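# Structural overview
Chain residues, written in single-letter form:
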Amino acid sequence: MMEENKRVLLGMSGGTDSSVAALRLLEAGYEVTGVTFRFYEIDGSTASSDDARELSEKLGIAHITYDARTLFREQIMEYFVREYMAGRTPVPCTLCNNFLKWPLLARIADEMGVYHIATGHYARKVKMDDTYYITYAADGDKDQTFFLWGLPQEILRRMLLPMGDITKAEARAQAADKGFHEVSVKKDSLGVCFCPMDYRSFLKRWFADKGQSFAEVVGRGKFIDENGGFIGWHEGYPFYTVGQRRGLGIHLNRAVFVKEIDPLKNEVTLAPLQSLEKTEMLLKDWNMVCADRLLGDDDVIVKIRYRKQENHCTVTVTPDNLLHVQLHESLAAIAPGQAAAFYKDGLLLGGGIIV
Ligand SMILES: Nc1ncnc2c1ncn2[C@@H]1O[C@H](COP(=O)(O)OP(=O)(O)OP(=O)(O)O)[C@@H](O)[C@H]1O
């Protein structure tokens with residue numbers, strides 16, 4: 001294992017957060033190298049790596065560009081399409097952060113003899129009883145801990161999170177203060193980086209690029225009620241997600257939500273919200289940061305949405321090695337494919353993918 005040193009490899013997207021992160025790491029006395037991953041470039045635009053390189057020059061830090069387009073396409077974009085085609089709701093940012101971005105930072109840092117790895121994520125970390133944990137960011141509105149439940153100790157140990165202690169407003173002020181006006185006024189990135197449009201248009205284009213029309217891949221199918229009764233026609237099951245209410249294209253005199261998706265029959269079950277409530281769920285591909293804390297506590301917080309939702313639960317491991325989450329209150333719209341993250345006393349204890 002590498003000895004700790006004062007060098008850090010920082011993921012630089014060209015945005016405000018990772019740019020301010022570079023400033024803060026320099027201020028803290030680190031020797032910073034910036035790396036910009038070429039994940040996906042909308043219409044071939046290299047604006048983000050150009051911005052990151054320019055900023056690095058101004059700061060006098062080294063900057064490299066790393067071509068991760070094939071990895072990103074195979075690991076994230078193909079998974080994204082595959083999940084919708086299987087009737088599930090994917091979590092590309094979670095997968096990218098936990099299983100692509102941070103591991104890639106660690107691998108490149110290893111090759112460079114750099115001990116620390118950093119990003120502009122709004123999250124903090126603490127060490128307790130020889131275990132490292134991610135904890136909530138100071139800026140509750142920007143907190144990104146929800147996307148980081150899958151990281152192993154080898155990564156947590158080396159992580160630096162220079163944005164964890166400040167708010168977004170303070171980040172903008174710090175950039176302006178240091179004379180980086182453009183950095184201070186950059187817009188926040190929204191949603192999935194490779195799919196800024198509605199994911200349905202993305203799916204159509206994905207298949208069109210392969211010379212297939214979506215209507216040929218998945219034709220129209222049936223909306224049914226909970227008893228299997230026909231309600232109306234839909235455009236193809238991948239266009240709907242569990243919990244969806246708007247944009248169903250049918251008008252009934254009652255509020256209905258997507259309860260289930262059957263890809264084999266191309267059927268989408270609609271039901272009132274109460275029917276979507278559940279008191280348990282199973283997780284696959286899970287990670288536990290500390291099994292004793294997670295499994296030994298009968299009142300853990302579970303989040304399945306980035307914002308505005310927290311439920312209490314008890315977590316156990318099933319004989320077939322899934323995590324069983326017993327919710328203390330019912331929760332509606334638990335979509336297969338989405339992620340669940342566990343917290344206790346502000347510590348991120350792990351998470352997994354909803355089966
Ligand atoms: N293409 C990339 N290359 C290297 N690092 C990246 C890249 N994209 C994102 N990151 C890193 O991951 C962090 C989180 O990315 P994300 O896109 O979720 O956040 P963000 O809030 O938009 O950050 P930023 O303001 O820095 O763009 C960034 O702060 C950056 O450190």
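Residues numbered from 1 in each chain as written. Predicted model: local features only at pLDDT ≥ 70, side-chain atom pairs only at ≥ 80, totals over all residues. Heavy atoms only, no water.

## Observations regarding the overall build of the protein chain
Of the regular secondary structure elements, the protein chain holds ten helices and 17 strands. Compactness check: the protein chain gives a C-alpha radius of gyration of 22 Å against a globular reference of 20 Å for 355 residues, within 12% of the reference. A total of 355 residues make up the protein chain; the buried ones form 51% of that total. Taking all contacts inside the protein chain whose residues are at least 6 apart in sequence as the whole, residues at least 24 apart take part in 65%. For the protein chain, the exposed area adds up to about 17100 Å²; of that, 48% sits on carbon and sulfur atoms. The protein chain carries 42 positive and 48 negative side-chain charges, and their two centres are separated by 4 Å. (Helix = DSSP H or I, 4+ residues; strand = E, 2+ residues; numbered from the N terminus. Rg over C-alpha atoms; globule rule 2.2 N^0.38 Å. Buried < 20%, exposed > 50% of the residue type's maximum accessible area, 1.4 Å probe, protein only. Contact = heavy atoms within 4.5 Å. Areas by Shrake-Rupley, 256 points an atom, 1.4 Å probe, with all protein chains shown as cover. Lys, Arg positive; Asp, Glu negative; His and termini not counted. Charge placed at Lys NZ, Arg CZ, Asp CG, Glu CD.)

## What to know about the pairing of strand S9 (residues 230-234)
Relative to S9, strand S8 (residues 221-224) runs antiparallel, the two sharing four bridges. The partner of Gly 221 across the bridge, within S9, is His 234. In sequence, S8 turns back onto S9 through a hairpin of five residues, with Gly 228 there showing a positive phi of about 90°. (Pairing = 2+ DSSP bridges.)

## A short note on the site of the ligand
Around the ligand, 17 residues are found, and the nearest of them are Gly 11, Ser 13, Asp 17, Ser 18 and Ser 189. Between the ligand and Gly 11, the relevant distance is 2.6 Å, taken from an oxygen atom to a main-chain nitrogen or oxygen of the residue. Between the ligand and Asp 17 there is a distance of 2.8 Å, counted from an oxygen atom to a side-chain nitrogen or oxygen. In isolation the ligand has 590 Å² of accessible area, and contact with the protein removes 83% of it. Taken together, the residues of the shell around the ligand break down into four nonpolar, eleven polar and two charged. (Near = heavy atom within 4 Å. Polar contact = N/O pair within 3.5 Å; in protein donor to acceptor, adjacent residues only side chain to side chain. Nonpolar A, V, L, I, M, F, W, Y, C, P; charged D, E, K, R; others polar.)

## Considering the sheet that holds strand S7 (residues 159-160)
Strand order in the open sheet formed by five strands is S3-S2-S1-S4-S7, with parallel pairing between adjacent strands. Lying at the two open borders of the sheet, with one neighbouring strand each, are strand S3 (62-67) and S7. Across six bridges, the pairing between strand S2 (residues 31-38) and S3 is parallel. Residue pairing in the sheet places Arg 38 in a bridge with Asp 67 of S3. Sheet contacts for helix H2 (residues 47-59): S2 and S3; angle to S3, the most-contacted strand, approximately 160°. (Axes fitted to C-alpha atoms, helices over the stretch in contact; angles between N-to-C directions.)

## Observations concerning the domain arrangement of the protein chain
As far as domains go, the protein chain holds domain 1 (7-185), domain 2 (199-274) and domain 3 (277-354). The C-alpha centroid of domain 2 is placed 35 Å from the C-alpha centroid of domain 1. Contact residues are listed per partner, giving eleven residues for domain 1 and 15 residues for domain 2. Looking only at domain 1, the three residues that lose the most surface to domain 2 are Val 81, Tyr 84 and Met 85, adding up to 52% of its buried area. Our enumeration of links across domain 1 and domain 2 arrives at zero salt bridges. When its residues are assigned to classes, the side of domain 1 that touches domain 2 shows seven nonpolar, two polar and two charged. (Domains from an automatic or database assignment. Buried area = accessible area lost by both parts, 1.4 Å probe. Salt bridge = Lys/Arg side-chain N within 4 Å of Asp/Glu carboxyl O.)

## Considerations on the UniProt feature "active site" (unreviewed entry) in the protein chain
Mapped onto this numbering, the UniProt entry annotates "active site" (unreviewed entry) at Cys 96 and Cys 193. Taken along the chain, the residues just named run across 98 residues; in space they keep tight, none of their C-alpha pairs more than 10.7 Å apart. Among the secondary structure elements, Cys 96 is positioned in helix H4 (residues 92-112). With respect to the element layout, Cys 193 can be found in the loop between helix H7 (181-184) and helix H8 (199-209). Residue classification places Cys 193 among the partly exposed residues on the basis of a relative accessible area of 45%. Among residues more than four places away in sequence, those in contact with Cys 193 are Ile 42 and Phe 72. (UniProt positions renumbered as here; feature names shortened; annotations may be inferred.)

## So, the packing of aromatic side chains
Taken as a whole and assessed by the stated rule, the structure comprises 19 aromatic pairs. Considering the side-chain rings of Phe 146 and Phe 147, the 5.7 Å spacing of their centres and the 70° angle between planes classify their relative orientation as edge-to-face. Each member of the pair, Phe 146 together with Phe 147, is buried. A centroid spacing of 4.6 Å and a plane angle of 15° characterise the contact between Phe 214 and Phe 239, whose relative ring orientation is stacked. Residue Phe 214 is located in helix H9 (residues 214-217), and its partner Phe 239 is located in the loop between S9 and strand S10 (257-262); the two are separated by 25 residues in the primary sequence. Within the aromatic cluster, the residues linked to one another by ring pairs are Phe 37, Phe 39, Tyr 40, Tyr 66, Phe 72, Phe 80, Tyr 84, Phe 194, Tyr 199, Phe 202 and Trp 206. The side chain of Lys 6 reaches across the aromatic face of Tyr 30, ending 4.0 Å from its centre. Here the guanidinium or amino end of Arg 220 rests over the ring plane of Trp 233, the centre of that ring lying 4.0 Å away. (Phe/Tyr/Trp six-rings, centres within 6.5 Å; stacked < 30°, edge-to-face > 60°. Lys NZ or Arg CZ within 6 Å of the ring centre and 35° of its normal.)

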